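Residue-level listing of the chains:
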Amino acid sequence: TIGKSNGPKIKEYRGDWHILETATEEDRPFRMRLSRTYEAGCHTGRNQVGDIIYTLTREFHGNVEMVGDSISVSGRMHGIDDGSLLDCELGYFTMIDAVASEGIEGEK
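Quick look at the pairing of strand 2 (residues 30-40)
No. 1: Note that strand 1 (residues 9-19) and strand 2 share ten bridges and pair antiparallel. When the bridges of strand 2 are listed, Asp16 appears paired with Arg33.
No. 2: By the bridge criterion, eleven bridges tie strand 2 to strand 3 (residues 52-67) in an arrangement that is antiparallel. Within the sheet, the bridge partner assigned to Arg31 lies in strand 3 and is His61.

Written out as structure tokens, the structure is:
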């Protein structure tokens, strides 16, 4: 849903993921980091706050498993509290890759 929002305009986004090879299931070996930079505000007069640019980063820690023929990743979503620099657990997530279960170009 990148770009579909009634909030501030997304200026930039980026993400990466990896699997911690030595992690146990308890450690949640799947790791993904998504960052979105937003741009809002305007400077049209002396009562305006001006341009505001900020970045939100979310980290996802989870376990990979098969659900039927599909790959599923479930776990917890984390964010960093910039004021205290503490890792905060924000909620839970599940991703199911239904496309991968169909194979590449219809080949399983």
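Regarding the nonpolar core
No. 1: Judged by nonpolar contacts, Phe30, Met32, Phe60, Val73 and Phe93 together constitute the single largest core of five residues.
No. 2: Met32 has contacts with Asp16, Trp17, Arg58, Glu59, Phe60 and Met95, leaving out every residue within four places of it along the chain.

Overview of the pattern of salt bridges
No. 1: Enumeration over the complete set of coordinates arrives at three salt bridges.
No. 2: Arg14 is the salt-bridge partner of Glu12, the closest N and O atoms lying 2.7 Å from each other.
No. 3: With a shortest N-O distance of 2.4 Å, Arg33 and Glu59 are connected by a salt bridge. In this pair, Arg33 sits in strand 2 while Glu59 sits in strand 3, placing the two residues 26 residues apart along the sequence.
No. 4: Overall, Arg33 belongs to the partly exposed group, its relative accessible area being 39%.
No. 5: Overall, Glu59 belongs to the partly exposed group, its relative accessible area being 22%.

Observations regarding a nonpolar patch on the surface
No. 1: Among the surface-exposed residues, Trp17, Ile19, Val64, Met66 and Ile71 lie close enough to one another that they form a single nonpolar patch of about 500 Å² accessible area.
No. 2: Contributing elements (two or more residues each) for the nonpolar patch: strand 1 and strand 3.
No. 3: For Val64, the position within the fold is in strand 3.
No. 4: With a relative accessible area of 46%, Val64 lands in the partly exposed category.

Parameters and conventions
Residues numbered from 1 in each chain as written. Predicted model: local features only at pLDDT ≥ 70, side-chain atom pairs only at ≥ 80, totals over all residues. Heavy atoms only, no water. Pairing = 2+ DSSP bridges. Helix = DSSP H or I, 4+ residues; strand = E, 2+ residues; numbered from the N terminus. Core = buried A, V, L, I, M, F, W, Y, C linked by side-chain atoms within 4.5 Å. Buried < 20%, exposed > 50% of the residue type's maximum accessible area, 1.4 Å probe, protein only. Contact = heavy atoms within 4.5 Å. Salt bridge = Lys/Arg side-chain N within 4 Å of Asp/Glu carboxyl O. Patch = residues over 30% accessible without salt bridge, like charges linked within 9 Å, V, L, I, M, F, W, Y side chains within 5 Å. Areas by Shrake-Rupley, 256 points an atom, 1.4 Å probe, with all protein chains shown as cover.

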